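An overview of the molecular structure
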Amino acid sequence: GSGGFIQVGNADAEVSYTNNNRAFIGVDEGGGSYDASAVSIDAGRLVRLEADSSFNVSVASNADGGGFISDSDADSVFNVGGATQAILGRGATIDTRSARMRAGYSGITGKVESDATSGGLFGGASADNTGTVDPSAEVVVQGSGLDLFASQGVDLLAFNADPTFTQSSDATCYCIGPSDGNN
């Protein structure tokens, strides 16, 4: 908080996160290319390749103050995304009863809050929340020389859990002036 004849309070909070989670068979050659030509897997039951990601993030901002003229502004920004991938590289030889490739986000949760309070004869208060959630899940089987034999089948699953978010923005001006809380 702050105060004085003229008070200006500003609080900004931001979480920006880019996830890169890859489970792969082969050698990463860069540029999204994986060479598994030297890989030979002979499994009696199951070959499983899985990549799982999750996030639970909280971001909050708070600006308070008072004075003859008082203005407080709080902004919270939440940006998350990125790839979770299960990749079978080209040229692999796999002989198994069943194969399973799975990639995704098993949990996507977050909380975004902003709070601004001003007090005085004149002024204003503003609280805003913004952000993006952009996860991607991919199961990639790169062909060209791949020999995959699974007598009981192959399961390929890419998924993103239902996101759960809460947000609140509260702006209060105990003065002659506006109060604006936006999500």
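Each residue is numbered by its place in its chain's sequence as written, counting from 1. In view of the model being predicted, local features appear only for residues whose pLDDT reaches at least 70, and side-chain atom pairs are presented and counted only at 80 or more, with totals across whole chains, interfaces and linings using the full set of residues. No hydrogens and no water enter the side-chain calculation; it runs on all heavy atoms of the structure.

Across a sheet, paired strands are connected by hydrogen bonds in the backbone, their directions being either parallel or antiparallel. Strand order across the open sheet formed by three strands is 4-6-8, with parallel pairing between neighbours. The open sheet is flanked by strand 4 (40-42) and strand 8 (147-150), the only strands paired with a single partner. Averaged over all pairs of adjacent strands, the angle between strand axes in this sheet comes to 5°, irrespective of strand direction. By the bridge criterion, four bridges tie strand 6 (residues 93-96) to strand 8 in an arrangement that is parallel. What sits directly across from threonine 93, in strand 8, is aspartate 147. Strands were regarded as paired on the criterion that DSSP finds at least two bridges between them. Secondary structure counts use DSSP, requiring at least four H or I residues in a row for a helix and at least two E residues in a row for a strand, with both numbered from the N terminus. Structural elements are reduced to axes, namely lines fitted to C-alpha atoms, with helices fitted over the stretch in contact, and the angle between N-to-C directions of any two is expressed from 0 to 180 degrees.

What follows concerns the packing of aromatic side chains. Pairing of aromatic rings covers Phe, Tyr and Trp, the last through its six-membered ring, and needs centres within 6.5 Å; plane angles under 30 degrees mean stacked, over 60 mean edge-to-face, and all others mean tilted. Tallied over the entire structure, the rule returns five aromatic pairs. The interplanar angle of 45° and the centroid separation of 4.8 Å between the aromatic rings of phenylalanine 24 and tyrosine 34 together place this pair among those described as tilted. Pair noted here: phenylalanine 24 is in strand 1 (residues 2-25) and tyrosine 34 is in strand 3 (residues 33-35), with a separation of 10 residues, a long-range link. Accessible area is worked out with a 1.4 Å probe on protein chains only. A residue is then buried under 20% of its type maximum, exposed over 50%, and partly exposed in between. Judged by relative accessible area, phenylalanine 24 falls into the partly exposed class, the value being 35%. Ring geometry for phenylalanine 68 and phenylalanine 122: centres 6.0 Å apart, planes at 80°, overall edge-to-face. Placement of the pair is phenylalanine 68 in strand 5 (residues 46-88) and phenylalanine 122 in strand 7 (residues 98-141), with a sequence separation of 54 residues. When its relative accessible area of 37% is taken as the criterion, phenylalanine 68 is described as partly exposed. Taken together, the aromatic side chains of Phe5, Phe68 and Phe122 make up a single cluster linked through ring pairs.

Moving on: the state of the cysteines. Disulfides are defined in this document as cysteine sulfur pairs within 2.5 Å. Tallying each qualifying case throughout the model produces one disulfide. Each sulfur in the disulfide pair cysteine 173 and cysteine 175 lies 1.7 Å from the other. You can call cysteine 173 buried: its relative accessible area is 12%.

Here, nonpolar core refers to any group of buried Ala, Val, Leu, Ile, Met, Phe, Trp, Tyr and Cys residues whose side-chain atoms link them within 4.5 Å. Judged by nonpolar contacts, the single largest core of 13 residues is most densely connected at Ile25, Leu49, Ala86, Leu88, Ala92, Ile94 and Met101. At the level of elements, strand 1, strand 5 and strand 7 are the ones that each hand at least two residues to this core. Per-element accounting of this core gives the leading share, five residues, to strand 5.

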